[in-house]
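What the coordinates show
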Amino acid sequence: MLIAIRLIYGLEKESAPVVRNVTPENLQWLNTEGPISLHEDLCGKVVVLDFFTYCCINCLHLLPDLHALEHQYSDKDGLVIVGVHSAKFPNEKVLDNIKSAVLRYNIAHPVVNDADATLWHELEVSCWPTLVILGPRGNILFSLVGEGHKEKLFLFISVTLKFYKERGQIKDNRIAIKLYRDSLPPSPLLFPSKVTVDNSGERLVIADTGHHRILVTRKNGQILHTIGGPNSGRRDGRFSEAAFNSPQGIAIKNNVIYVADTENHLIRKIDLESELVSTVAGVGIQGVDNEGGAKGEQQPISSPWDVVFGNSVSGSQEDGVLWIAMAGTHQIWALMLEDGKLPKGSDLKKGVCLRFAGSGNEENRNNAYPHKAGFSQPSGLSLASEDPWNCLFVADSESSTVRTVSLKDGAVKHLVGGERDPLNLFAFGDVDGAGINVKLQHPLGVTWDKKRKLLYVADSYNHKIKVVDPKTKNCATLAGTGEASNVTASSFTESTFNEPGGLCVEESGRLMYVADTNNHQIKVLDLETRILSTLPILNPGACDVPDHQSVQSDKTANLPKLPKSSPNIQLPSLAVSPGQTIQFLLKLALPPDAKLNEEAPNSWFITAEGKLFVLSWQLN
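Criteria and thresholds
All residue numbers refer to position in the chain's written sequence, counted from 1. Residue-level local features of this predicted model are given only where pLDDT is at least 70; pairs of side-chain atoms are given and counted only at 80 or more, and the full residue set underlies all totals for whole chains, interfaces and linings. Side-chain numbers here rest on the full set of heavy atoms in the structure, without hydrogens or water. A helix here means a DSSP run of H or I that spans at least four residues, while a strand means a run of E at least two residues long, and both kinds are numbered starting from the N terminus. Each residue is assigned to one of three classes by its accessible area relative to the maximum for its type, calculated with a 1.4 Å probe on protein chains only: buried under 20%, partly exposed between the two thresholds, exposed over 50%. Accessible areas in this description were obtained via Shrake-Rupley with a 1.4 Å probe; residue shielding takes into account the shown protein chains only. What makes two strands pair is DSSP finding at least two bridges between them. Axes, fitted as lines to C-alpha atoms, cover a helix only where it is in contact. Angles between the N-to-C directions of the axes lie from 0 to 180 degrees.

1. Points about the overall build of the chain
Along its length, the chain carries six helices and 37 strands. Split into buried and exposed, the 620 residues of the chain put 56% on the buried side. A total accessible area of about 26800 Å² is found for the chain, and carbon and sulfur atoms account for 49% of it.

2. Section: the sheet that holds strand 33 (residues 511–516)
Here we have four strands laid out as an open sheet, ordered 32-33-34-35, and antiparallel in their pairing. Only two strands of the sheet have a single partner each, and these edge strands are strand 32 (502–505) and strand 35 (531–534). Taken over all neighbouring pairs, the strand axes of this sheet differ in orientation by 20 degrees on average, direction set aside. As paired strands, strand 32 and strand 33 are joined by four bridges and run antiparallel to one another. Among the inter-strand pairings, C504 is bridged to a residue of strand 33, identified as Y513.

3. Side note on the pairing of strand 5 (residues 130–134)
For strand 5, the tally of buried residues reaches five of five residues, placing the bulk of the element in the interior. Burial of strand 5 is two-sided: the residues T130, V132 and L134 facing one way and the residues L131 and I133 facing the other way are all buried. With five bridges joining them, strand 2 (residues 46–52) and strand 5 adopt antiparallel strand pairing. Pairing of F51 across the sheet is with T130, part of strand 5. With five bridges joining them, strand 5 and strand 6 (residues 140–145) adopt antiparallel strand pairing. Directly across from V132, in strand 6, lies its bridge partner S143. Between strand 5 and strand 6, which pair antiparallel in sequence order, lie five residues; one of them, G138, sits at a positive phi of approximately 80 degrees.

Below you can see the structure in the form of C-alpha cells.
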C-alpha cells in the first residue's frame, strides 16, 4: 500500500522527464506491421519497455511475468509492452538472430532492435534486464532492475492505468501486431538445442526445443519415439500425455533419458521401456536456493540447461550422479542417482539434489574450493572420466570461456577463453590460439572425444565448431566460416552453421552430431573423412535409409528401399570428372492408387563413389 501511495503521489506531480522522440527509420521492428512511434502510436498508453538481450538468463526469467501481464491487460486497456533488444554480443545485433530469439522464446509483443544502444543510453539503462515504465505522454514513471519483481510490476501497472483512466488520458486504439512466428513454414525440427547419442551409437536423442519435445531416432533419422510437444506444458505420464517447456540438455544410458526441462525448472526422467515420463528434481517454479540438499522432487531449481552422467567419489555404481549445468543460478549441481559422496563433501542419499560448484555470483572466477568459484550461465557439460583429466568440461556461456571442474577435489580451473579479471564478462571474440589468448563468443555446448582425447566446443555466436587440446590448451576452428547461414559444403571449413547449441561424439569417435539450432537441423560431421551432411528426420513409417556411417564407409551400399506402394527407382552409374557439374531431374510417376503424403516429409538420397558424399533433402 505504501508503494501504491508513493506511486500516485509521483504521478500527480507530473514532473517526470519525457523520452525524446526516436526517429522510426533508425530502428528495426519485429512483431509489428511497421515502425512504432513513441509519441504517435503509443500516445495515450502506459508503456513497459523491457530492455533485454537474448543471451541473458535473467532476461529470460522475466518473460513469464511479461506474458502474464499481457494476458491481464491489452492495448485496448491502455497497456503496451515493447521489448527493447540492446545487445551484449555483436552476434545479437543482427536482426535475423533477434528474429530467431523472438520465435524461440515465444515473444508476442513488439520488439525493437536497439543495436546501437540509442534507447539504452537515452533512458540511462545500465544492466539487463531493466523495465522502464512510461506514462501516456512518454513521461518516465519508474523502473525495475533485475528479475523477481512480479508483484511490484503488477501493482504499479494496476495503479498507473487506474490513475490515468480516471483522468481520461488513456486511449483504446489497437497497435498493429504481426507476429513473426505466423510467417514461418512448418519444419521437422524447431530450434533443436542439444543432441546426444547412446553408447551403442545406434540411437540419437534430440531436444527439439521449439516443439517442446524429445525425439529418439535411429542414426539414419528415423523417429523411434516422440515424447511431448508440440505445445509447451508440464505433465508427467505416458509419452502421448507428457509435456515439456523448452527442454534443453539430455543424457541417455541404456533405456533411460534424463532431460533438463529448462523453462519448467525441472529435471525429467524418460523410461523408454515403460514409455513413462516422471519428474526427479524441481518443483515446477523457478527456485532461488543456491545450496540445495533436499530430495529432488522437493528441491526448487532454476533453469537447468544441460545434464551429463558421472560417478560419485564413493558410489558403488557407475554413473551414480547426474551433473546439472544450472544456468539460472550460475552453478553446477548434482542429482544423486545412487547413494554416494561428492568431492569435498559428506555421504549423500539417493535422490538428493544440491549445489556442487559455484557461489551463485555471476563471475568468471576460478578457485580450488568449488563453492568459492564463480560461473556465468553455464550451458554445456561433458565428462572426461579417464586420467589425467577426470573432470567436467563446462561451456560457461556469458563469460565466453570453457572451464574444468575436477571430480577428484572439485577445483575449478580455466581452459580457454575469457580473461583473468573474474568480473569482466565482456572478453569475447573469435580468436584461435592457446589458453587465455583464445576468444570465444557465448559457447553453449562441449563434448569429449574419448578416442582422440580432444574437446569440441559449440562456439555458438561465432557459428563455429572449435576443437581444444586440453593438454596444450590449444584451440582451433574445426568447422564453420563464422557466417550465420546454412551451407553444406565439401569441407568442414567451408560449411556454415547458425548458432549451434549442442554437440556429441559417438563412442567410436567416427561421427559428431551438431544441433544447428537456428537452422533447425542436426548436422553430421564425419571426423575421419571430413564430410558434413544433414540428418533427415523421418517419420516412424518412413522407408529404411542407410545410416551415415554405413553409407560413407560402404561403397556398395544399397539405395533406400521404397515402400511397396511406390515405384522402384534405379539411377544410372556415372563417371564424373573433377570439377564437372551434374544436374539430375527426377520425375516421379506414381501408380494411380498412390500419392505422396503432404503431411509427412519424404527423404531422397544421392550417393556417389570415389570422393564419397551424400546429398539429402526433404520434399514436403
